[in-house]
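Chain by chain, the residues run as shown.
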Amino acid sequence: MSLFQNAESRTRIALWLMWVTPALWSVNYIVARSAPGVIEPHMLALGRWALAGVILAFIARSELWRERRSTWQDAGRYLVLGALGMLICGAWVYQGAKTTSAINIALIYAASPVLIALGAVLWLGERFSWRQGLGVVVALAGVFHVVVKGQWLSLGQVQWVAGDGWIVLAMTAWAGFALLQKKWGTPLGSTARLAAICMGGVIVLLPFSVWEYLQPDRPAWTLQATVLVVAAGLLPGIGAYWAYGFSQKVLGASRVAASMYLGPLYGGLAAWLVLGEAMGWHHVMGAALILPGIYMASRR
């Protein structure tokens, strides 16, 4: 526990988690692409966050009980955060994955740091040094290099599908989720706060999940559906969200947002290894820009 109480250690851990968190999130891209025909989007999101919420609430049970009055007073905030982080950034990602690729999901999500950094400066009053700004520009150039497959003259010929639209909405919601967590202070620690957000997410997801369950053409529940729920709940659920919330609390919204640029690299690698999606030299060149950009954007 002393490791997390020491300011220098917390900063070191938060910087390390910036590189790990996108890897945990890349598991969700694999889950999303594996889910169609196995489990419906809202049911998958509900199972994921119900599992994560139960585990987190058990771990933080003493703190949640101690802060039960303040948590109840902030119930509306947790419902909003649950809608943004669990409904839109959860079920809508799974909906979009029906028609778009895992690497596209990672690429679109990589644009969220621009919105977060802009919001952090304009809305939260965070400072953003010229070095961090340069890092964002360099990393964003790497993202675009991957998007256009190294062919910068083909920007106007990029083809989008319905799934990409769902992911764009989810990416925008993620920016709001990250900024509101920083804007809305709480006496809860990272674990207890995420447990409370999970509760809000489950409440918001429940009516949509019931509607999906009542549809006559829904897939029957299988072992594969259970595996997807457990994988999504533990790795991109508890692991990624807790790590992101902890890092943001220590480093600030704009610095941690830069870690999202690693999404195309980790997501592309996972899509190539697990799903067999194509990965080319443009990803390598993009990495040569994204990685140094992450480093600069995370430094003061």
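Residues numbered from 1 in each chain as written. Predicted model: local features only at pLDDT ≥ 70, side-chain atom pairs only at ≥ 80, totals over all residues. Heavy atoms only, no water.

**Some details on the overall build of the protein chain**
Keep this limit in mind: Only DSSP runs of H or I covering at least 4 residues are called helices, and only runs of E covering at least 2 are called strands; the numbering of each starts at the N terminus. Here's how the labels work: a residue is buried when its accessible area is under 20% of the maximum for its type, exposed when over 50%, partly exposed in between, all with a 1.4 Å probe on protein chains only. Here, residues are in contact when the closest pair of their heavy atoms is within 4.5 Å. Using a 1.4 Å probe, accessible areas were evaluated by the Shrake-Rupley method; residue-level cover was limited to the displayed protein chains.
A tally of regular secondary structure across the protein chain gives 15 helices and 0 strands. Counting every position in the protein chain, which comprises 300 residues, the buried fraction comes to 51%. Sequence-distant contacts in the protein chain: of pairs separated by 6 or more residues, those separated by 24 or more amount to 90%. Per element, the accessible surface of the protein chain, about 14000 Å² overall, is 68% carbon and sulfur.

**Quick notes on the packing of aromatic side chains**
Each pair of aromatic rings is reported with the distance of its centres and the angle of its planes. We count it as follows: To pair, rings of Phe, Tyr and Trp, with the six-membered ring standing in for Trp, must have centres within 6.5 Å; the planes then decide the type, stacked if under 30 degrees apart, edge-to-face if over 60, and tilted in the middle. Whether a charge sits over a ring depends on NZ of Lys or CZ of Arg being within 6 Å of the ring centre and within 35 degrees of the ring normal.
Under the counting rule described, the total for this entry stands at 10 aromatic pairs. On the numbers, 5.5 Å between centres and 65° between planes, the contact of Trp25 with Tyr244 is edge-to-face. Here Tyr244 lies in helix α12 (residues 223-251) and Trp25 lies in helix α2 (residues 7-34), a separation of 219 residues in the sequence. Given the relative accessible area of 1%, Tyr244 is considered buried. Aromatic side chains Trp174 and Tyr241 sit 5.4 Å apart centroid to centroid with 85° between the ring planes, which places their arrangement in the edge-to-face category. Pair noted here: Trp174 is in helix α10 (residues 162-183) and Tyr241 is in helix α12, with a separation of 67 residues, a long-range link. The residues Trp174 and Tyr241 share a single accessibility class, namely buried. Through a chain of ring-to-ring contacts, the aromatic side chains of Trp25, Trp49, Trp174, Phe177, Tyr241 and Tyr244 assemble into a single cluster. Across the ring face of Phe58, the terminal group of Arg61 is positioned such that the distance to the ring centre comes to 4.2 Å.

**Concerning the side chain of Thr21**
Basically, it comes down to this: As used in this structure description, the phrase polar contact means that two N or O atoms lie within 3.5 Å; if the pair is within protein, one of them must be able to donate a hydrogen and the other to accept it, and residues adjacent in sequence are counted only when both atoms belong to side chains.
Here Thr21 is to be found in helix α2. Classification of Thr21 by relative accessible area gives buried; the value is 2%. Polar contacts involving the side chain of Thr21 include one to the main-chain carbonyl oxygen of Leu17, which spans 2.7 Å. When neighbours within four sequence positions are excluded, Thr21 is seen to be in contact with Ala240, Ala243 and Tyr244.

**Considerations on the packing of helix α3 (residues 41-59) against helix α6 (residues 75-96)**
Note the cut-off: Inter-axis angles, ranging from 0 to 180 degrees, are taken between N-to-C directions of lines fitted to C-alpha atoms, where helices are fitted over the stretch in contact. Every angle not falling under 35 degrees, over 145, or within 65 to 115 is termed oblique; those three ranges are roughly parallel, roughly antiparallel and roughly perpendicular. Crossing handedness is read from the near helix: turned anticlockwise from the far helix by less than a right angle, it gives a left-handed crossing, and turned clockwise, a right-handed one. Classes in brief: Ala, Val, Leu, Ile, Met, Phe, Trp, Tyr, Cys and Pro nonpolar; Asp, Glu, Lys and Arg charged; the others, Gly included, polar.
One way to put it is that α3 packs onto α6 with a least axis distance of 8 Å and a crossing angle of 135°. When the axis of α3 is compared with that of α6, the two are oblique. Two packed elements cross with a definite hand, and for α3 against α6 that hand is right-handed. Mapping the contact onto sequence places Pro41, His42, Leu44, Ala45, Arg48 and Trp49 in α3 and Gly85, Met86, Leu87, Gly90, Ala91, Trp92, Tyr94 and Gln95 in α6. Residue composition of the contact of α3 with α6, by class: 9 nonpolar, 4 polar and 1 charged.

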